[in-house]
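So the chains spell out like this:
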Amino acid sequence: AAFDAEVSRGLAGEPGGLPMIPSLRADPAKLSARGVPFGTVCVDIGGTTLKTARAAVSPDGTVTLSDVKDAPVPGLHGPVTEEEFFREICEFAGVGPDSASLAVSFSHNMRVLPGCDGEITGWCKEITVTGPSGLTVAGLFRRASGNPALRVTVVNDSVASLFGAVRDFRP
């Protein structure tokens, strides 16, 4: 009961709550009604693997992923700066000045911030990233893409896990 109360306070952004990013729990009709832009980019930045896709919501609420691909995470095969890390991800995912929105799962140490954003506090041991800027995850993607208006939402890992299973479906 105490844990549930702490989670609830965290999801509401109240003091004394467990900092959390809410998991996506909307049905497709609600997603469509909210107007998810065509071609929203989804990015899962894991410890060793980078996965990306484009998501589209049709008028009937069907969610479709296209251009699903993966690659090693920048910094896995040699040191990169923070700026290079996010620039390489933007290039791989096709996020640029004309992109509307980005949903990103960031599987590294991060302090959860209001508004579905995060402050990087560390990196997994498998990669080497140098030169921290002090920007949030959203700020880093906006800078790397050259798009100050990019709508960036840091999402819970459960969303990324679902999209990561697209190529490896198991009943």
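Use the structure listed above.
These lines cover the structure that appears in this document, whether it is placed above or below. (Residues numbered from 1 in each chain as written. Predicted model: local features only at pLDDT ≥ 70, side-chain atom pairs only at ≥ 80, totals over all residues. Heavy atoms only, no water.)

### Description of the overall build of the protein chain
Moving on, step 1. Check the secondary structure of the protein chain and you find 5 helices and 9 strands.
Moving on, step 2. Beginning at the N terminus, the succession of helices and strands in the protein chain can be written as α-α-β-β-β-β-α-β-β-β-β-α-β-α.
Moving on, step 3. By the burial criterion, 36% of the 171 residues in the protein chain qualify as buried.
Moving on, step 4. If you take every contact in the protein chain between residues at least 6 apart in sequence, the share linking residues at least 24 apart comes to 58%.
Moving on, step 5. When the accessible area of the protein chain is evaluated, it comes to approximately 9500 Å², of which 55% is carbon and sulfur surface. (Helix = DSSP H or I, 4+ residues; strand = E, 2+ residues; numbered from the N terminus. Buried < 20%, exposed > 50% of the residue type's maximum accessible area, 1.4 Å probe, protein only. Contact = heavy atoms within 4.5 Å. Areas by Shrake-Rupley, 256 points an atom, 1.4 Å probe, with all protein chains shown as cover.)

### Describing helix H3 (residues 82-93)
Because each turn of an α-helix spans 3.6 residues, side chains separated by three or four positions end up pointing in the same direction.
Moving on, step 1. Between its first and last C-alpha atoms H3 spans 17 Å; for 12 residues at 1.5 Å apiece the expected length is 16 Å, and the two agree.
Moving on, step 2. Considered for burial, the residues of H3 that qualify are Glu82, Phe85, Phe86, Ile89, Cys90 and Ala93. Projected down its long axis, H3 shows its buried positions confined to an angular sector of 125°, all on one face.
Moving on, step 3. With its phi angle positive at about 75°, glycine 94 sits one or two positions after the end of H3. (Expected span 1.5 Å × (residues − 1). Arc of directions from axis to C-beta.)

### Section: the pairing of strand E7 (residues 117-120)
Moving on, step 1. In terms of strand pairing, strand E6 (residues 110-113) meets E7 through 4 bridges, oriented antiparallel. Among the inter-strand pairings, arginine 111 is bridged to a residue of E7, identified as glutamate 119.
Moving on, step 2. Where E6 hands over to E7, the hairpin turn is made up of 3 residues, of which glycine 115 adopts a positive phi near 80°. (Pairing = 2+ DSSP bridges.)

### Overview of the environment of threonine 136
Moving on, step 1. Of note, threonine 136 is situated in the loop between strand E8 (129-130) and helix H4 (137-145).
Moving on, step 2. Residue threonine 136 is classed as partly exposed on the basis of its relative accessible area of 21%.
Moving on, step 3. Expressed as a C-alpha distance, the spacing of threonine 136 and isoleucine 120, which sit 16 residues apart in the sequence, is 6.7 Å.
Moving on, step 4. Separated by 2.7 Å, the side chains of threonine 136 and aspartate 117 make a polar contact. (Polar contact = N/O pair within 3.5 Å; in protein donor to acceptor, adjacent residues only side chain to side chain.)

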